[in-house]
Structure formats: structure tokens, C-alpha cells
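Summary of the model geometry
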Amino acid sequence: MRVSQLNYYPLKSGRGIALTEAEIAEEGIPGDRRMMVTDPSGHFITQRELQALAQLQVTPQDGGFRLAIDGKGEIGVSHPPAGRRMNVAVWKSIVSAALADDGVNETLSGWLGRDIRLVFFDDHAKRIASAEWAGPDTPVTFADGYQVLVTTTGSLAALNADMEKHGEGAVGMERFRPNIVLDHDEAFEEDNWQGIEISGIRFDFVKPCARCIMTTQDQKTGSREVPSPMAAMGRIRMSADRRVPGPLFGWNAVPRRTGRIKLGDAATVTAERDGWAIKRRA
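Residues numbered from 1 in each chain as written. Predicted model: local features only at pLDDT ≥ 70, side-chain atom pairs only at ≥ 80, totals over all residues. Heavy atoms only, no water.

When helices and strands are tallied, the chain shows four helices and 18 strands. Its C-alpha atoms give the chain a radius of gyration of 19 Å, near enough to 19 Å, the size a compact globule of 282 residues would have. For the chain, the spread of C-alpha atoms along the principal axes amounts to about 55 × 40 × 35 Å. Accessible surface, the chain as shown: approximately 12500 Å² in total, 47% of it carbon and sulfur. (Helix = DSSP H or I, 4+ residues; strand = E, 2+ residues; numbered from the N terminus. Rg over C-alpha atoms; globule rule 2.2 N^0.38 Å. Areas by Shrake-Rupley, 256 points an atom, 1.4 Å probe, with all protein chains shown as cover.)

Our next topic: the environment of Ile-196. Considering the arrangement of structural elements, one finds Ile-196 in strand E14 (residues 193-198). Residues Ile-196 and Trp-251 lie 55 residues apart in sequence; the distance between their C-alpha atoms is 11 Å.

Our focus in this paragraph is the pairing of strand E6 (residues 57-61). By the bridge criterion, five bridges tie E6 to strand E7 (residues 64-69) in an arrangement that is antiparallel. Note that in E7 the partner of Gln-61 across the bridge is Gly-64. The hairpin formed by E6 and E7 contains two residues between the paired strands, and Gly-63 there has a positive phi angle of roughly 80 degrees. (Pairing = 2+ DSSP bridges.)

A turn of α-helix holds 3.6 residues, and therefore any two residues three or four places apart point the same way. Buried residues of helix H1 (residues 102-112): Val-104, Asn-105, Leu-108, Ser-109, Trp-111 and Leu-112, and no others. Looking straight down H1, one finds its buried side chains confined to an arc of 160 degrees; they lie on one side. Of the exposed residues in H1, the ones pointing more than 90 degrees away from its buried face are Glu-106 and Gly-110. Looking at the buried positions of H1, the neighbouring elements they touch are E7, strand E8 (73-78), strand E10 (93-99) and strand E11 (117-120). Its side-chain oxygen at 3.1 Å from the backbone nitrogen of Gly-103, Asp-101 defines the N-terminal cap of H1. One or two residues past the end of H1 sits Gly-113, with phi positive at roughly 80 degrees. (Buried < 20%, exposed > 50% of the residue type's maximum accessible area, 1.4 Å probe, protein only. Arc of directions from axis to C-beta. Contact = heavy atoms within 4.5 Å. Polar contact = N/O pair within 3.5 Å; in protein donor to acceptor, adjacent residues only side chain to side chain.)

On to the environment of Ala-266. Within the secondary structure, Ala-266 is located in the loop between strand E17 (259-262) and strand E18 (267-272). A sequence separation of 263 residues divides Ala-266 from Val-3, and the C-alpha atoms of the two residues are 6.5 Å apart. For Ala-266, the contacting residues outside a window of four places in its chain are Met-1, Arg-2, Glu-197, Ile-198 and Ser-199.

The residue Ala-100 is located in the loop between E10 and H1 in this model. Judged by relative accessible area, Ala-100 falls into the buried class, the value being 1%. Taking C-alpha positions, Ala-100 is 39 Å from Ala-231, a pair spaced 131 residues apart along the chain.

We now examine the packing of aromatic side chains. According to the stated counting rule, one finds nine aromatic pairs in the structure shown. Ring geometry for Trp-133 and Trp-276: centres 6.4 Å apart, planes at 45 degrees, overall tilted. With Trp-133 in helix H2 (residues 131-134) and Trp-276 in the segment after E18, this residue pair connects regions lying 143 residues apart in the sequence. For Trp-133, a relative accessible area of 15% corresponds to the buried category. Centre to centre, the rings of Phe-205 and Trp-251 are 6.2 Å apart; their planes meet at 15 degrees, and the pair counts as stacked. Here Phe-205 is found in strand E15 (residues 201-210), whereas its partner Trp-251 is found in strand E16 (residues 248-255), with 46 residues between them in sequence. In this structure Trp-251 comes out as buried when scored by relative accessible area, which is 3%. Taken together, the aromatic side chains of Trp-133, Trp-193, Phe-205, Trp-251 and Trp-276 make up a single cluster linked through ring pairs. (Phe/Tyr/Trp six-rings, centres within 6.5 Å; stacked < 30°, edge-to-face > 60°.)

To continue, consider the sheet that holds strand E4 (residues 35-38). Strand pairing in a sheet relies on backbone hydrogen bonds. The paired strands run either parallel or antiparallel. A sheet is described by the order of its strands in space; here five strands give the open sequence E5-E4-E11-E10-E9, paired in antiparallel fashion. The open sheet is flanked by strand E5 (44-45) and strand E9 (85-90), the only strands paired with a single partner. Pairing geometry for E10 and E11, over two bridges, is antiparallel. Bridge assignment links Ala-98 to a residue of E11, and that residue is Phe-120.

Right, let's talk about the nonpolar core for a bit. Counting 32 residues, the largest nonpolar core has Val-150, Ile-180, Leu-182, Ile-196, Ile-198, Phe-203 and Ile-261 as its most contacted members. At the level of elements, strand E1 (2-8), strand E3 (21-24), H2, strand E12 (148-152), strand E13 (180-183), E14, E15 and E16 are the ones that each hand at least two residues to this core. Excluding residues within four positions of it along the chain, Phe-203 makes contact with Ile-24, Val-148, Ile-180, Gln-194, Gly-195, Ile-196, Ile-198, Ala-253, Val-254, Pro-255 and Ile-261. Ranked by size, the runner-up nonpolar core spans 22 residues in total, among them Leu-53, Leu-108, Leu-118 and Phe-120. (Core = buried A, V, L, I, M, F, W, Y, C linked by side-chain atoms within 4.5 Å.)

Rendered as C-alpha cells:
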């Protein structure tokens, strides 16, 4: 079993960037989900309600970032000063974030068709993942809840096989926005893993990832007029545990050491456990 993809997402709900190697810090891959758009009150916005975010490309460059949407232009964005801040909400978390300047927010609002603010998880921002699942004091940025999302090629193949059996087409792994993809043939075997180790770094699998409407959207255009995996996940991946309701795909993981991993690195299972309860349908 080896690492076949590494990805990070500078902007929450924006396009991902593929990597050949990655640092692993306490909060996951450095730079992952350290930018986010919010409404004027500070509530976070994702592709769930603003599909056009899938079109937004964020490219790191010296001193900041380049933001672009095809056909609408591009702008350079510098890291905002630490004193320019606003409180923002990510689910139940309230975070003091650095706020981009007014010109950047006006440009992005025009591109995206609604009044938005661009915020940054800088060195003064603090957020901790759920201690119930991740243990105490594990730092996380603007990700939905945890530091790293892990998926496997075998699980995607099984999902696509079910979709094709029902005439629903197929989807790519980008629909699930993972950080680490493992080349592994057995479908959903990760439900039985306590975690994995890659290059001496242990990743504890702490919570399965419940999936939402974002998996139905093309990750370049935001269109929902494309094959959807939701029906197939409902047939073969519906959680039977009320703690994490809904369709499941992939596992949220917490890194317990820091270091560097790269494509092709071997991944080994640290320990096994009873699998997550899945509803069985005829």
C-alpha cells in the first residue's frame, strides 16, 4: 500500500493543488485551508451554497497568493496585517482571522456574485479539533473539523462499480477532496484501521467523513449536471452509527508526529479494530 496522491487546498472550498511531497505539521499539510470566504457577518461559505468557489484558483507566490477565475481575471493578494481582523465561524468554532483589504473583497464579491470577505488563518489564529474524537489540543485550521483526510483507490473503485451497475456513470477522487490517497485494492478496509504510518509519521483514524452535496459537484466548474455518487453512497456506505449520520467516504486522521511524506511512500496499518457500522441494503 503506497501513497498515490497528495493534495492541499489553500482556500477552503477552492480548487486543490496536487503535490509530489508534503510536510506534515501538527495541523496537517502546511497551507491547507488557511484561507476562507465568509459572509459579512463572518459565517463561513463553501461550495454547498456557492458552487462558483470550485472555479477559484489560489496559487501561492512570493509574499502572498494569486487568485484567478477563468474569464474574470486574476489578482494578487498579500498576507493582511495581523491587526486587521474579524471573528469568523466554522461550524461551532469561532476564530479570530486576519481580513483581506477592501479592494480584494470587492473584486472577489464581483467574481462570485455575492458580498463576501476573504480571511486568513494566520499565526494569531487558534482552533482546536474536537477533543471527543481527536484527543486534547490538536490544532486545526479552517478545515471542516480535522487535520488530514485519507481515502483509498479501492474504495473509489467499489463506489464507481456500484454507480456503473445502476447506470449512474463514475466520479473521480477529486470529488472527495482528500489530502492523502492510498493505492489499496480492498474496498473500505480502512473502516477497520486504527490508523496508518507513513515515513515514520503515525496518522490516527479518528472519525469517518460524512459526505454532503459537494461530492455531486464538478470540482473545476461547480456544476451539478454531472454524475453524482450520493445514491451509490446511500446504497453501500450509509452510516448505522448515529454519532456520524449520513453517507461515509474516507477517514479524518490526526498526525501524531511531524515530518515529510512523498508520492510512492509505503503506508502500513498501525493496528486494526472492529469496522464502522454500515447499513446493509438488499
